[in-house]
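Spelled out, the chains give:
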Amino acid sequence: FSSVSTPIRATLFPGDGIGPEIADSVKQVFSAAEVPIEWEEHYVGDTIDPRTQSFLTWESLESVRRNGVGLKGPMATPIGKGHRSLNLTLRKELNLYANVRPCYSLPGYKTRYDNVDLITIRENTEGEYSGLEHQVVRGVVESLKIITRQASLRVAEYAFHYAKTHGRERVSAIHKANIMQKTDGLFLKCCREVAEKYPEITYEEVVIDNCCMMLVKNPALFDVLVMPNLYGDIISDLCAGLVGGLGLTPSCNIGEGGIALAEAVHGSAPDIAGKNLANPTALLLSAVTMLRHLELNDKAEQIQNAILNTVAEGKYRTADLGGSSSTSDFTKAICDHL
Ligand code: ATP
Ligand code: MG
């Protein structure tokens, strides 16, 4: 009986720029939907915490570890030396190894395609983004692309598990193993090994350049895509562009030990911060991925429908979607739909 059961605690980082405004929107929608979640709010500090070597406090990281789930607004890393970027700190400290981005057409919001429904799963810890670059001699630099069996198996396992538990039928591994024979070759080998454990899921391998062409010609060809870091960075933005851009696209980071830290794909949007103009949809849909992770599927469905119906109805839309509603009016419309 939900009204007497103990609420689930989740960490909330409102973040910077438009972060606090869109985080407010999430809090309002969650309370209108009576989601049994109690937010533990944490702010980015204004001094460097020596324990994290960044402006993120140790307590805030402990909060995510303890709760296992969290929602993060956009964070702008302060400029200066002697500290780690906020996103890097989160990724390293919480071991966020996979970035999951659902990407689907919003009914009633017209883009080039109206049948997009795919999930990109990006390996988030190695590949070209291992941070290993150096100068060999003057005029010659080198960057190391690291692919490990451990990280590849881990993200492949996550992708197949995700497909199986979310009623998906196919996993496509995206690669360039014809050229990057050792690195992407190992990534594919790991995907194949995991695929064998999931005979009910169709497995295919698609070369990255061909994948790009197929995505822009007919995105409905894809279901779940899993790929190394750099390809994932590029392909997930390409997919966001297919369905209407930054204000709409959610994501969720998966960490070691089952941590889920959901976040919008967009940045802190300083140009519109504090003006009640931001579109909260991306953060709201990210919060929905968090609910699904917690298996609060009824609440997730209810909130997602209220958002989609509000957008489809077209009466209340923020400026980025061509409307003239404020963040708070749009949020109120979603609450009314609930
Ligand atoms: P950051 O350095 O934090 O990434 P940025 O200047 O790159 O910030 P983004 O947040 O990446 O800005 O946004 C790029 C553009 O998209 C900006 O013009 C911004 O106003 C717009 N934008 C981003 N998110 C939203 C949103 N949720 N609602 C409306 N517009 C948005
Ligand atoms: Mg940006």
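Structure first, text after, so check above.
Residues numbered from 1 in each chain as written. Chains lettered and ligands numbered in written order. Predicted model: local features only at pLDDT ≥ 70, side-chain atom pairs only at ≥ 80, totals over all residues.

Student: Please clarify how the overall build of the chain should be interpreted in this entry.
Tutor: The number of helices and strands found in the chain is 10 helices and 12 strands. Each of the three principal axes of the chain carries a C-alpha extent, and together these read 55 × 45 × 45 Å. Burial analysis of the chain (338 residues in total) assigns 44% to the buried set. For the chain, the proportion of contacts with a sequence separation of at least 24, taken over those separated by at least 6, is 74%. (Helix = DSSP H or I, 4+ residues; strand = E, 2+ residues; numbered from the N terminus. Buried ≥ 20, exposed ≤ 12 C-beta atoms within 10 Å, placed from the backbone. Contact = placed C-beta atoms within 7 Å.)

Student: Got a minute to help me understand the site of ligand 1 in this structure?
Tutor: Residues in contact with ligand 1 amount to 16 residues; listed here are only the nearest, His-266, Gly-267, Ser-268, Ala-269 and Asn-279. Here the residues of the shell around ligand 1 are counted per class, giving 9 nonpolar, 5 polar and 2 charged. (Near = placed C-beta within 6 Å. Nonpolar A, V, L, I, M, F, W, Y, C, P; charged D, E, K, R; others polar.)

Student: What is the right way to look at the pairing of strand S1 (residues 8–13) in this model?
Tutor: Looking down a regular strand, the side chains alternate between one sheet face and the other. Bridging between S1 and strand S2 (residues 37–41) involves 5 bridges; their strand directions are parallel. Bridge assignment links Ile-8 to a residue of S2, and that residue is Ile-37. Considered for its hand, the β-α-β crossover made up of S1, helix H1 (residues 19–32) and S2 is right-handed. (Pairing = 2+ DSSP bridges. Right-handed = clockwise from strand over helix to strand, strands pointing away.)

Student: Would you take a moment to explain H1 for this structure?
Tutor: Helical periodicity: at 3.6 residues per turn, an α-helix aligns residues three or four positions apart in one direction. Taking 1.5 Å of rise per residue, 14 residues should cover 20 Å, and H1 covers 20 Å from first to last C-alpha, within 8% of that figure. Those residues of H1 that fall on the buried side of the exposure criterion are Gly-19, Glu-21, Ile-22, Ala-23, Ser-25, Val-26, Val-29 and Phe-30. As for H1, its buried residues are in contact with S1, S2, strand S3 (69–72), helix H8 (281–293), helix H9 (297–313) and helix H10 (327–337). Downstream of H1 by a residue or two, Glu-34 has a phi angle that is positive, lying close to 50 degrees. (Expected span 1.5 Å × (residues − 1).)

Student: Just checking my understanding: could you explain H9 for this structure?
Tutor: For H9, with 17 residues, the first-to-last C-alpha span of 24 Å sits near the 24 Å given by 1.5 Å per residue. Buried residues in H9 make contact with H1, H8 and H10. Just downstream of H9, Gly-314 is the residue with a positive phi angle, here 80 degrees.

Student: Where do I start with the packing of helix H4 (residues 149–165) against helix H5 (residues 183–196) in this structure?
Tutor: Across the interface, H4 lies against H5 with an axial gap of 8 Å and an inter-helix angle of 45 degrees. As judged from the angle between their axes, H4 and H5 are oblique. Note on packing geometry: the crossing formed by H4 with H5 is right-handed. Mapping the contact onto sequence places Arg-149, Ser-152, Leu-153, Ala-156, Glu-157 and Phe-160 in H4 and Leu-186, Phe-187, Cys-190, Cys-191, Glu-193, Val-194 and Ala-195 in H5. A class-by-class count of the residues in the contact of H4 with H5 yields 9 nonpolar, 1 polar and 3 charged. (Axes fitted to C-alpha atoms, helices over the stretch in contact; angles between N-to-C directions. Parallel < 35°, antiparallel > 145°, perpendicular 65-115°, else oblique. Left-handed = near helix turned anticlockwise from the far one by under 90°.)

Student: Looking at this structure, how should I read the sheet that holds strand S12 (residues 259–264)?
Tutor: Paired through backbone hydrogen bonds, the strands of a sheet run either parallel or antiparallel to each other. Taking strand neighbours across the sheet as the criterion, the 10 strands line up as S2-S1-S3-S12-S11-S4-S5-S10-S8-S9 in an open arrangement whose pairing is mixed. Each end of this open sheet is capped by a strand with a single partner; those strands are S2 and strand S9 (202–207). Taken pair by pair, the neighbouring strands of this sheet meet at an average axis angle of 25 degrees, ignoring direction. Across 3 bridges, strand S8 (residues 170–175) lies against strand S10 (residues 224–227) in parallel orientation. Counterpart to Ser-172 in the pairing with S10 is Leu-225. This element, H5, spans S8, S9 and S10 of the sheet and lies at about 165 degrees to S8.

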